[in-house]
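# Report on the structure
Residues per chain, in single letters:
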Amino acid sequence: MNRYAVRIGSALALALSFQLGLFTFANAAENTAYEYDGKRVVFETLVQRSGGPAVSADDPGLQQLVRNAGGSLTWDADNQYVLVTFPGPTVISFAIGDAHYLIGSVSHPAAFAPFVRDGHAFVPLKDVLRALKLPAFSPGPSVSDVAATPAPPPPLFASPVPSPQPEQLAQVTGVDVQAQAGSVTIRIGISGNGAYEWHRLRVPDNRWWIDVHTARLATAPIDQNGGALVSAVRVRQQPADTVRVALSLPASEQVDVSPGNEGITIVVSSRVVAAATRGSGTFGSIVTANASLLASPGASPARYVPANPHLIVLDPGHGGSDPGTVRGGVQEKSLTLDMAMRVRDILVARGWQVVMTRTDDRDVFAPNDSARDELQARDDVANSRGARLLVSIHVNGYVNSGPHGVATYYYKASDLALAQSVSRRIASELDMNNNGVIKDKLYVVNHAAMPAALVETAYISNPDDFTLLQSGSWRQKMAQAIADGIVDYTESN
Amino acid sequence: MRNSRIFFLLALLIAVAAIAWYISSHRASPGEVTVYYSKVDGQSEIPWTISARAQQPGESAAAYAQYLALYAASQAVTGPPPDVTAIRFPAGTRVLSASVDGSTVTVDLSPEVNHPGGALNESGEFKALIWTLTALHGVDRVAVRMAGSKVATLNGGSFELDEPLRRSDW
C-alpha cells in the first residue's frame, strides 16, 4: 500500500516538476544543435536545470564534441566521476554532487553540481564547453517550449552506446611482430580511441584473440609467423566494425595486454603468472584494462605485471556496518574515506586513473560480513582490474593513549618499495612521529596481487593525534604525502 | 680367577649405570621457558625467562611438551609485569588450549582477542605469542584458533590468521 502511495506521489512530483519547468527533456533537434567552427553536433540528452542545460556523459553529441577537441570522455560510475582526458595528460574532472570542476588541479565553480539519473551522469554543458574553450551553447527556441508539447520519453538511453560514424572509427594501421628470447612482442598500431576485448581458450586449444571494436583495418589482411612461442598471427576485418587479431599458441603461454596511446601491445612469454581467460579495456587517449584472472595451479610467484599500469586502487579502511576504531563520535571509517578521496583527487588531477574500493559509507562485500569476505572484496577490486598498486588507508587505535604517530605496513617483498616511498614522503611532508615501515601480515596487503601498502595514519587513541585527525588541513597534508609517495614509487618502479 | 673378577667388575659397572639412569630419569629437573613481549614501538621483542615445572616422573615427553606450550602461551598472553610498558593482548583474553603436533603448536584463544584496534596492537600481540612458542624446542609454526574455530583475520587491523604463523611473517 505504501509502495503504491510512494509511486503515485513520485509521479505527481515528476509531473509538477515538468510544469514548473524545473527540468525538461529537449527532443527537437533545432533546440539541441550546437554549431562551432563550421561543425555541427546535436545533443540528444539535454535536461534543463536552473543553472543551465545538463547533458549526459553518454550523449553522442557530447562524446563527438570531446573527440573533436582531441579528448576522451568517460563516466567512472565506481568513483562517481566524469573525466575528460587529453594526451599530455590534462584532465578535466567533474565529481557528482560537487558544484566545482577541476582542470588539472585548479578548481572552477560550476553552474550546478553534476548528478546521476537512471545510471547516467549529467554534467553542466556550459562548463564543459568553457573547459574545452568552445563557444557557449545557445539553443534555438527556448528549451522550456518543449514542455508545452507532450514530450515522448527520452529515446536515447535505449541505446546508450552511439553507433559509430565512419569518421569515428579507429584505424588499425598495422601489426609489428618482434620475437625475442623467451617472449614475442606484438604491437597493434591503432589511430583513434576505442575499446577492445580479448579471449583465450583453454588447453588444448590455446587459441587467443583480441577484438578491437569500432575499428577498421587500414591494411590488407595480415598473416605472419611469430616464432616458437606464437605459431601464427592473423589480422582480419570482422563484421560490425571489429578488427580481430588472432594468435595460435603452441602451448599455454602467458599473454599480457597493454593498451596505450598508439595502440595495443601484446607480450607472449613462456613464464606463467596467472591464467586469464578474458579481458577488456580501452586504448587511445584514455587507457584502461582489466582481466579476469583465475589462479593458475602451481603457478610460481613472478614479478607482477599490471594489466593496467595507469590504474591505482585506493582502499578507505572499514565502512558501512564496520566503523573501525571509534573515539567519541569520530569513526575511523569516515576519516579513512575522507583521506582516500583527497588522495584520489590529487592523483586524478595528475592524470592517474583511480578506483576506490568504496566512495561512500558502505561495506564493500555486504553488511555485517566476515572480515575475510570484506577484505577479499577490497582486494578483488584491485586484482580484477589489474591495477598498478593498492594503498589502504586506516586510522590506528590502541588500548591506551601512549602510542602515537603514523606507520606504513607491508608484507610481501614486492610491497616494500611502495611502503618506503609513502613513508618517506610522510616523514618529509608532515611534522609528526613517524614509526616507519613495518612488516605485518595484514590480509588486504597480503592478498593483493600487486604491490600494496597500508597506512595507519595516526592514533585515534592519542589526544594529539586525535586533534590532527579532526583537522581537514592535516588530512589534506596526509593525502598529499600519500599521493606523492605513490607517484614517487611509480617513477622508480 | 682373574676372569671372574673382571666379570664381577663389569656387572657392577652395569648395575651402577642402570641405577644412575633410573634415578636421573625419575628425578624432577627444573624447567624454564623464554617468554617474549613486544615493545610499544611495534618492532622490538624483549625476552625474559620464567621457571616452569619440571617434567614429572612418568610424564611422557609429548605430554610435557603440551604442558610447556600451554604454559608459555598463557604467559605470553598475560604479558610482563604491570609496570612494564608493552603491547598487551586485550583484557580478558585467555588461552583456552594449546596442543603440539610435530613442529606446529595450535593455540586456541578466547574471543576477547578480537577487540577493535589497529595494526600495532594486533601485530605486537601475535608477534610476542609466536616468538614465545617458537622458542620452544622443535616448534617453528603456530596456528591460531578463536573459541575453537579457525578465523581468517582479526577485525581491527585485519591481521591475518588464516595460515600458521612463523617468525618470518614479521
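Structure first, text after, so check above.
As a starting point, this report considers the structure included with it. (Residues numbered from 1 in each chain as written. Chains lettered and ligands numbered in written order. Predicted model: local features only at pLDDT ≥ 70, side-chain atom pairs only at ≥ 80, totals over all residues. Heavy atoms only, no water.)

## Quick look at the overall build of chain B
Short version of the rule: Put simply, DSSP H or I for four residues or longer makes a helix, DSSP E for two residues or longer makes a strand, and each gets a number counted from the N terminus. Relative accessible area decides the class of each residue, using a 1.4 Å probe on protein chains only: under 20% of the type maximum gives buried, over 50% gives exposed, and in between gives partly exposed. The contact criterion used is simple: two residues touch if any of their non-hydrogen atoms lie within 4.5 Å. Exposure was quantified through the Shrake-Rupley algorithm and a 1.4 Å probe, taking into account, for residues, occlusion by the shown protein chains and nothing else.
In terms of regular secondary structure, chain B is built from three helices and six strands. When the helices and strands of chain B are placed in sequence order, the string is α-β-β-α-β-β-α-β-β. Within chain B, the proportion of its 170 residues that are buried is 44%. Sequence-distant contacts in chain B: of pairs separated by 6 or more residues, those separated by 24 or more amount to 58%. When the accessible surface of chain B is summed, it comes to about 8,700 Å², and 59% of that surface belongs to carbon and sulfur atoms.

## Some details on the interface of chain B and chain A
Definition in use: When two components associate, each loses some accessible surface as probed by a 1.4 Å sphere; the sum of these losses over both components is called the buried area. Any carboxyl oxygen of Asp or Glu that lies within 4 Å of a side-chain nitrogen of Lys or Arg is treated as forming a salt bridge with it. Whenever a nitrogen or oxygen atom comes within 3.5 Å of another N or O atom, the pair is scored as a polar contact, on the condition that within protein one atom can donate a hydrogen and the other can accept it, and that pairs from neighbouring residues in sequence are kept only if both atoms are in side chains.
Across the boundary between the two partners, chain B contributes 28 residues, which contact 22 residues of chain A. Sorting the residues of chain B by area buried against chain A places B:L120, B:E160 and B:D169 first, and these three jointly supply 24% of that buried surface. Linking chain B with chain A are one salt bridge. Between A:R372 and B:D162 there is a salt bridge; the shortest N-O distance is 2.9 Å. Linking chain B to chain A there are 11 residue pairs in polar contact (both at pLDDT 80 or more).

## Some details on the pairing of strand β4 (residues 104-109) of chain B
Residues and elements named next belong to chain B. The criterion, for reference: Here, a strand pair is defined by DSSP locating no fewer than two bridges between the strands.
Where burial is concerned, most of β4 is hidden: five out of the six residues are buried. As paired elements, strand β3 (residues 95-101) and β4 share six bridges and run antiparallel to each other. From the neighbouring strand, D101 faces β4, where its bridge partner is T104. Linking β3 to β4, which pair antiparallel, is a turn of two residues; within it G102 sits at a positive phi near 65°. Alignment of β4 against strand β5 (residues 141-146), held across six bridges, turns out to be parallel.

## Remarks on the sheet that holds strand β11 (residues 120-124) of chain A
Sheet strands pair by backbone hydrogen bonding; their relative direction is either parallel or antiparallel. All names here are of chain A. This is how the line gets drawn: Helix axes use the C-alpha atoms of the stretch in contact, all axes being lines fitted to C-alpha atoms, and the angles between their N-to-C directions lie in the range 0 to 180 degrees.
With antiparallel pairing, four strands are arranged side by side in an open sheet as β3-β4-β11-β10. This sheet does not close on itself; its edge strands, each paired only once, are β3 (47-49) and β10 (115-117). The average undirected angle you get between the axes of adjacent strands in this sheet is 35°. Across three bridges, the pairing between β10 and β11 is antiparallel. Of the residues in β11, the one forming a bridge with V116 is A121.

None of this, on its own, says anything about what the molecule does.
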